[in-house]
Amino acid sequence: PEHLSNVYSLVQLPPEESGHTDREHRGGFPGWPQTHAAAGGERLAKPERGKMRVHKISNVNKALDFIASKGVKLVSIGAEEIVDGNAKMTLGMIWTIILRFAIQDISVEETSAKEGLLLWCQRKTAPYKNVNIQNFHISWKDGLGFCALIHRHRPELIDYGKLRKDDPMTNLNTAFDVAEKYLDIPKMLDAEDIVGTARPDEKAIMTYVSSFYHAFSGAQKAETAANRICKVLAVNQENEQLMEDYERLASDLLEWIRRTIPWLENRMPENTMQAMQQKLEDFRDYRRLHKPPKVQEKCQLEINFNTLQTKLRLSNRPAFMPSEGKMVSDIINAWGNLEGAEKGYEEWLLNEIRRLERLDHLAEKFRQKATIHEAWTEGQEEVLQKHDYETASLSEIKALLKKHEAFESDLAAHQDRVEQIAAIAQELNELDYYDSPSVNARCQRICDQWDTLGALTQKRGEALQRTGKLLETIDQLYLEFAKRAAPFNNWMESAMEDLQDTFIVHTIEEIQGLSTAHEQFKATLPEADKERQAILGIHNEIAKIVQTYHVNMAGTNPYTTITPQEVNTKWDKVKQLVPQRDQALIEEHARQQNNERLRRQFANQANVIGPWIQTKMEEIGRISIEMHGTLEDQLQHLRQYEKSIVNYKPKIDQLEGDHQLIQEALIFDNKHTKYTMEHIRVGWEQLLTTIARTINEIENQILTRDAKGISQEQLNEFRASFNHFDRDHSGTLGAEEFKACLISLGFDIANDAQKRSGIMDAEDFKTCLISMGYNLGESEFSRIMSVVDPNRMGLVTFQAFIDFMSRETADTDTADQVIASFKVLAGDKNYILADELRRELPPDQAEYCIARMAPYTGPDGVPGALDYMSFSTALYGESDL
């Protein structure tokens, strides 16, 4: 400064008066020789006797008053000591002046002047090898420190690569000459004195180095501005990457949902059991393999969205608005549509399998009965159409008549089977059996044939009746045999049919009912055997009469085709089928017992897992509202809790395995538990989502606390008040509870919000702000609402309210600060050039700015000028890029 020249003139004594040589003057500051500094108080020169001492003292006092007016504290220094040439006092005063005007204003990261200057030197010389600045004496002896400072800021002035550590004289002289010639820094030191001194003077070097600091202060301001811009741009780049990641994940998830919903909504049944079971297996793979990762993706997407919004709020950036159709609410709605399509799909599959199983059973039953009936009717039309009665004898006519009566009895006995066949065909049609056309065609053939047989029977009967009036001989025994053999034969055929009939049961009780019916059937066998013996006795009586009376009966019973051998053969078949039926019932009973075991096995696990999931949900709810330690303690507790929950997954997988065994066994109900696999799946997914969301809420609270300077005590106070009014521990507050909570925290809330949602709407929020002293116009209120309600729902959550209040009082970077930083880099111009950005910023961030800055259109612009002002305001949502 210009006023220092007067002070230096006080000690600019001629060499002959000071008693020192010119070399001593050059070795230190003018008028500050090393020998006098060591002498400690020796006078510089004797006072001149010829001048009036009082005038000198007056002149010196004027100088001291001027120095004091500049804020320099001169302790114990008077004009007399200066006039009398007190070297110690004079040099101490000069050092105080140097500290005030050259060093005291130096500050790096709020350190003291000396520490700040040393820290500045260390940072600037850090990239240079063989330079290690630890102090202001021996660290500078080799000269590399001075050269490094010059090269760091003006690399074109010194070829640093050619310097050697073992040549300190060359290094020092190079630095002193370049500083004096190109940087206007006076040559305050001599290289010889520094090299030749074991410990160079600390104050002298500190003063000389401060000249470098002031010479390069403009570059330091530019570096500070560049650092601020880099920090802001880094936040923007990170947020943009998070936004791109959200858009990509949201698109992928929505596309997967779009592809999956039509598959779940397709309820077109298959024709075969195998095809439907494959559909069921595909659905199991979907629930077990495909959906769980998507559940995690959906949960992670919501967490990423909340974290991104928190980061944007904390960095004073506008809220993120996803593309059309990709809001979190859109994803939740799409997921709801997916679950709506999924709901009932598994039940439909199982019902379809049950229907196909029933259809297969009915179809097999239809085929058996139709085959038996067709075998019985085979050739009957030809018999009924014969005119053998026209040439028969009287006895033959009687035989034909009785035979026809027996046939009519047999025909009536088969009526029930035909009705059963028609009923089964009707049921197959009602159940939409895939092969119904062939069933209907066969049933129609049987019914048509039955009608034909009825018509032919009636016609032949009438003919025999007419002829029978002429015939009187009737063989009663043959007739009796035929009458008793036919029902018994029908009974045996029905018994064989029942014994071979397939069955389908689903419970122990049903198989026990079949077993009881079978035992009752076996109890009738002795009576049936007696009937068989009686029928065979009739035949034996006929044979005896024929043999006795030599009746010409042609060796056969004219009234029936049933023979004793056939009766015995069918009886043997019945006795053979009985033990086979016994074995089938025993095997089915064992299968039902195994099914019951599977039911109990699933129920035992489900009755443990279901309450466990509910308990964990309740515990997480308590953890989220209780206060135990710091947020970090709560976060660690929740993560340990999450780990214990994840470790429970093998039990869920084991239950899934048991559920698959139950479905493969075609078990459709379970009276031993109220929990279904669907309940367990939904509960498990909700549990994982809840713990993940709770952890994310704590992480966002930590981000808010650290960024906004909210103390742990304040957070505890907010949570304690919230919990006090959350009397039902639901995690939400009604309108009156919420108002009471805010009042307990010191807010003056107007009593006109009567809603029960626990969330303020826009008007309530505006009233709250006005009551707290905010003078809100419509435009200002709209701006605040865009911050606290980025999704435009018309509601304000408690978290958003706290974020807004903390941000209003926080010291965060602003658009004005970024504009000021760019202005420094631009050399106070209203625009900046691409070369200036590339020189001051890292390459990637420089190109980021160049690509996004609009051309400058001001009257003072030049070609290639860029508008950094609109770019800075756009970073904070105050304009559009």
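Keep in mind it's a predicted model, so treat the numbers as computed, not measured.

### A closer look at the nonpolar core
Within the largest apolar cluster, 45 residues are counted, with the highest numbers of intra-cluster contacts made by Tyr-246, Ile-257, Leu-338, Phe-366 and Leu-428. Counting residues per element, the ones that place at least two in this core are α13 (217–265), α14 (273–314), α15 (328–342), α16 (345–377), α18 (394–430) and α19 (436–468). Ranked by the residues each element gives to this core, the list is headed by α16, at 11 residues. Contact partners of Phe-366, with chain neighbours within four places excluded, come to Ile-421, Ile-424, Ala-425, Leu-428, Val-439, Arg-442 and Cys-443. Ile-98, Phe-136, Leu-144 and Met-188 belong to the second-largest nonpolar core, a separate cluster that totals 41 residues.

### Comments concerning the environment of Leu-666
When you line up the elements, Leu-666 lands in the loop between α25 (649–664) and α26 (677–708). Taking C-alpha positions, Leu-666 is 8.0 Å from Arg-354, a pair spaced 312 residues apart along the chain. Contact partners of Leu-666, with chain neighbours within four places excluded, come to Ile-353, Glu-357 and His-506.

### Describing the UniProt feature "coiled-coil region" (unreviewed entry) in the protein chain
In this structure's numbering, the residues bearing the UniProt feature "coiled-coil region" (unreviewed entry) are residues 232–259 and 397–431. Here residues 232–259 runs as 100% helix and 0% strand, with 41 Å between its end C-alpha atoms. Secondary structure across residues 397–431 comprises 97% helix and 0% strand; the distance between its end C-alpha atoms is 50 Å.

### Remarks on unusual backbone geometry
At Asn-130, a residue that is not glycine, the phi angle is positive and equals roughly 65°. Mapped onto the elements of the fold, Asn-130 is located in the loop between α8 (113–125) and α9 (144–153). Phi at Asp-828 is positive, roughly 70°, even though this residue is not glycine. Its place among the elements puts Asp-828 in the loop between α32 (815–825) and α33 (834–840).

### Looking at helix α21 (residues 508–523)
For α21, spanning 16 residues, the distance from its first C-alpha to its last is 23 Å, which sits close to the expected 22 Å at 1.5 Å a residue. The complete set of buried residues in α21 reads Ile-508, Ile-511, His-518 and Phe-521. When α21 is viewed along its axis, its buried side chains cluster within an angular range of 145° and face the same direction. In α21, the exposed positions angled more than 90 degrees off the buried face are occupied by Gln-520 and Ala-523.

### So, the packing of α14 against α15
Closest axis-to-axis distance for the α14/α15 pair is 11 Å, and the angle between their directions is 165°. The angle between the axes of α14 and α15 places the two elements in the roughly antiparallel class. Crossing of α14 over α15 shows left-handed handedness. On α15, the residues touching Phe-283, Tyr-286, Arg-287, Lys-291, Lys-294, Val-295, Lys-298, Leu-301, Glu-302 and Phe-305 of α14 are Val-328, Ile-331, Ile-332, Trp-335, Leu-338, Glu-339 and Glu-342. Residue composition of the contact of α14 with α15, by class: 10 nonpolar, no polar and seven charged.

### Topic: the confidence of the model for the protein chain
Chain-level statistics for the protein chain give a pLDDT mean of 78 and a share of 76% at 70 or above. Here residues 1–50 scores under 50 on pLDDT; set against residues more than four positions off or in separate chains, the count is 78 contacts. Taken together, the stretch residues 470–474 has pLDDT below 50 and engages in 14 contacts with residues farther than four places along the chain or on a different chain.

### Quick word on the packing of α32 against helix α35 (residues 868–875)
Packing of α32 against α35 leaves a shortest axis separation of 9 Å and a crossing angle of 150°. The orientation of α32 relative to α35 falls into the category roughly antiparallel. Remark: the crossing between α32 and α35 carries right-handed chirality. For the pair α32 and α35, contact is made by Ala-815, Val-818, Ile-819, Phe-822 and Lys-823 and by Tyr-868, Met-869, Phe-871, Ser-872 and Thr-873, respectively.

### Observations regarding the side chain of Lys-291
The topology assignment puts Lys-291 in helix α14. Lys-291 has contacts with Trp-256, Tyr-286, Trp-335, Glu-339, Glu-342 and Glu-685, leaving out every residue within four places of it along the chain.

What counts and how
- Residues numbered from 1 in each chain as written.
- Predicted model: local features only at pLDDT ≥ 70, side-chain atom pairs only at ≥ 80, totals over all residues.
- Heavy atoms only, no water.
- Core = buried A, V, L, I, M, F, W, Y, C linked by side-chain atoms within 4.5 Å.
- Buried < 20%, exposed > 50% of the residue type's maximum accessible area, 1.4 Å probe, protein only.
- Helix = DSSP H or I, 4+ residues; strand = E, 2+ residues; numbered from the N terminus.
- Contact = heavy atoms within 4.5 Å.
- UniProt positions renumbered as here; feature names shortened; annotations may be inferred.
- Expected span 1.5 Å × (residues − 1).
- Arc of directions from axis to C-beta.
- Axes fitted to C-alpha atoms, helices over the stretch in contact; angles between N-to-C directions.
- Parallel < 35°, antiparallel > 145°, perpendicular 65-115°, else oblique.
- Left-handed = near helix turned anticlockwise from the far one by under 90°.
- Nonpolar A, V, L, I, M, F, W, Y, C, P; charged D, E, K, R; others polar.
- pLDDT = per-residue confidence, 0-100.

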